[in-house]
Amino acid sequence: MIIDRFGRPLRSLRISVTDRCNMRCRYCMPEEKYTWLPRGSILSFEELDRLAGIFLGLGVDKLRLTGGEPLLRADLPVLVARLAARAGLQDLALTTNGILLAPQAEALRRAGLRRVTISLDTLRPERMLAFARSPGHADVLAGIRAAREAGFTGTKLNAVVIRGYNDDELVDLVEFARQEGAEMRFIEYMDVGGANQWTGGAVVSRREMLARLAAHYGGPAEPLADNAGSWAPAERFRLPDGTVVGIIASTTEPFCRTCDRARLTADGHFLLCLYADTGLDLRPPLRDGASDAEIAALLRAAWQAREDRGAEQRAHAPDRGALYQLATLRADPRKEMHTRGG
Ligand code: SAM
Ligand code: SF4
Ligand code: SF4
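Residues numbered from 1 in each chain as written. Chains lettered and ligands numbered in written order. Predicted model: local features only at pLDDT ≥ 70, side-chain atom pairs only at ≥ 80, totals over all residues. Heavy atoms only, no water.

For the rest of this paragraph, the subject is the overall build of the protein chain. If you tally the helices and strands in the protein chain, you get 12 helices and 12 strands. Considering only C-alpha atoms, the protein chain reaches an extent of 60 × 50 × 45 Å along its principal axes. By sequence separation, contacts in the protein chain at least 24 residues apart represent 74% of the contacts at least 6 residues apart. Across the protein chain, the mean location of the 47 positive side-chain charges is 2 Å away from that of the 44 negative side-chain charges. (Helix = DSSP H or I, 4+ residues; strand = E, 2+ residues; numbered from the N terminus. Contact = heavy atoms within 4.5 Å. Lys, Arg positive; Asp, Glu negative; His and termini not counted. Charge placed at Lys NZ, Arg CZ, Asp CG, Glu CD.)

Moving on, we come to unusual backbone geometry. Of note in the backbone geometry, Asp75 takes a positive phi value of approximately 60° without being a glycine. Within the secondary structure, Asp75 sits in the loop between strand S2 (62-66) and helix H2 (76-84). At Arg133, a residue that is not glycine, the phi angle is positive and equals roughly 50°.

Glancing now at the sheet that holds strand S9 (residues 244-248). Strand order across the open sheet formed by 12 strands is S7-S8-S9-S6-S5-S4-S3-S2-S1-S10-S11-S12, with mixed pairing between neighbours. The open sheet has two free edges, formed respectively by strand S7 (222-223) and strand S12 (280-281), since each of these has just one partner strand. Sitting on the sheet, H2 is in contact with S2 and strand S3 (91-96), with an inclination near 175° to S2. On the sheet, helix H7 (residues 206-217) packs against strand S5 (156-161), strand S6 (183-188), strand S8 (235-238) and S9 and is oriented at approximately 140° with respect to S6. (Pairing = 2+ DSSP bridges. Axes fitted to C-alpha atoms, helices over the stretch in contact; angles between N-to-C directions.)

Our focus in this paragraph is the site of ligand 1. Near ligand 1, the surroundings consist of 20 residues, among which Tyr27, Gly68, Ser119, Val160 and Met190 are the closest. Between ligand 1 and Thr96 there is a distance of 3.3 Å, counted from an oxygen atom to a backbone nitrogen or oxygen. Separating an oxygen atom of ligand 1 from a side-chain N or O atom of Asn158 is a distance of 3.5 Å. Bound to the protein, ligand 1 loses 95% of the 540 Å² it would expose on its own. Broken down by secondary-structure element, the contributors of at least two residues to the shell around ligand 1 are S3, S5 and S6. Per-class residue counts for the shell around ligand 1 are 9 nonpolar, 9 polar and 2 charged. (Near = heavy atom within 4 Å. Polar contact = N/O pair within 3.5 Å; in protein donor to acceptor, adjacent residues only side chain to side chain. Areas by Shrake-Rupley, 256 points an atom, 1.4 Å probe, with all protein chains shown as cover. Nonpolar A, V, L, I, M, F, W, Y, C, P; charged D, E, K, R; others polar.)

Moving on to the pairing of S2. Most of S2 sits inside the fold, with 4 of its 5 residues counted as buried. Handedness of the crossover joining strand S1 (residues 12-16) and S2 through helix H1 (residues 45-57): right-handed. With H2 bridging S2 and the parallel S3, this β-α-β connection has right-handed handedness. (Buried < 20%, exposed > 50% of the residue type's maximum accessible area, 1.4 Å probe, protein only. Right-handed = clockwise from strand over helix to strand, strands pointing away.)

Turning to the site of ligand 3, a few remarks are in order. Contacts to ligand 3 come from 14 residues, most closely from Cys256, Cys259, Cys273, Leu274 and Ala311. Those elements giving two or more residues to the shell around ligand 3 turn out to be strand S10 (261-264) and helix H10 (310-315). Counted by class, the shell around ligand 3 contains 7 nonpolar, 1 polar and 6 charged residues.

Right, let's get into the environment of Leu37. Here Leu37 shows up in the loop between S1 and H1. The class for Leu37 is buried, based on a relative accessible area of 3%. For the pair Leu37 and Pro333, spaced 296 residues apart in sequence, the C-alpha to C-alpha distance is 7.3 Å.

In this model helix H9 (residues 292-304) runs 18 Å from its N-terminal to its C-terminal C-alpha over 13 residues, within 8% of the 18 Å that 1.5 Å per residue would give. Restricting attention to buried positions, one finds in H9 the residues Ile295, Ala296, Leu299, Ala302 and Trp303. Buried residues of H9 fall within an arc of 130° about the axis and therefore sit on the same side. (Expected span 1.5 Å × (residues − 1). Arc of directions from axis to C-beta.)

Inspection of every chain in the model, using the stated rule, returns 33 salt bridges. In this structure, Asp49 and Arg86 form a salt bridge, with 3.0 Å as the shortest nitrogen-oxygen distance. Here the residue Asp49 occupies a position in helix H1, and Arg86 occupies one in the loop between H2 and S3, the gap between them amounting to 37 residues. Judged by relative accessible area, Asp49 falls into the buried class, the value being 10%. For Arg86, a relative accessible area of 29% corresponds to the partly exposed category. In this structure, the salt-bridge partner of Lys335 is Asp277, at a minimum N-O distance of 3.5 Å. (Salt bridge = Lys/Arg side-chain N within 4 Å of Asp/Glu carboxyl O.)

Here you go:
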């Protein structure tokens, strides 16, 4: 296991398999047009699998496939099967907006995917149409059901809570998730790349979410004992009726101190933090004949020098507004949230 300058191990890797998306969530992709990564630069399944193997050799034991929308990548179950066959893997998960999940859930499960997280910000199709420019709400719901029918357990439903958009749906979402046998997780709105319309006023804090849930359920949500010492970003709470919900307070209570997560963009940039300015381009060594040991040495050196704690630093930024303006994002698409994966 390798550790960074703050003693944080490298244990988890989020692999973005594509920067493309079939939705346009306003907190992630608000623009009409985007600069996409050139197709020739996107890593093949062989390259992704090889890199994953090198990361596993360095102590990573959790992989999450994300994007963009990962299910837009053709034949994703083929990649899943390759990764699932790797020794030493404790967890292999997927984060998806769910639109294309129903027809693929069974194949993904059969290929060895262990868990899915499906984004569901609203139960109202007209809100999704207006906010994410997608008419696919029914497809998302079908995806959630298909995941259950395919045998996935421990499914999480993620909602980014935005004031004036979906903050009146907290209870409805908790109830819906419970009926579907899933766990609802609320995410504070983050000022990550892509969120160029971010304002502090639109953030609904964990404290406010808990207060709203307490008002409805007739008592406070109690933190679960296993939050203590956990390296997971979500804190989990038990509501008075026994339902468990997770909250990811990445904006008001950043958890950089326990961050063991690295990211890989679809074109092979290794990022030490969601907020990192730049990444280490692994494509040249990968395509120019470097050995696994040479690539491992690059990764080890980068992680050992890691001092990133982006969200904590942002929490103390004076006059906090959006992290990037449009021109900066256009000049470097790797700063976008949909390119680095969530
Ligand atoms: N397209 C897939 C999806 O939406 O689930 C996977 C990629 S998406 C970038 C991963 C996660 O990032 C989603 O759960 C999304 O809600 C979250 N996300 C995107 N922009 C965000 C923001 N500004 N603040 C907080 N979470 C955000
Ligand atoms: Fe929405 Fe995910 Fe697409 Fe971003 S990548 S626009 S969060 S569906
Ligand atoms: Fe980890 Fe960076 Fe997020 Fe902090 S901001 S939790 S260091 S990815």
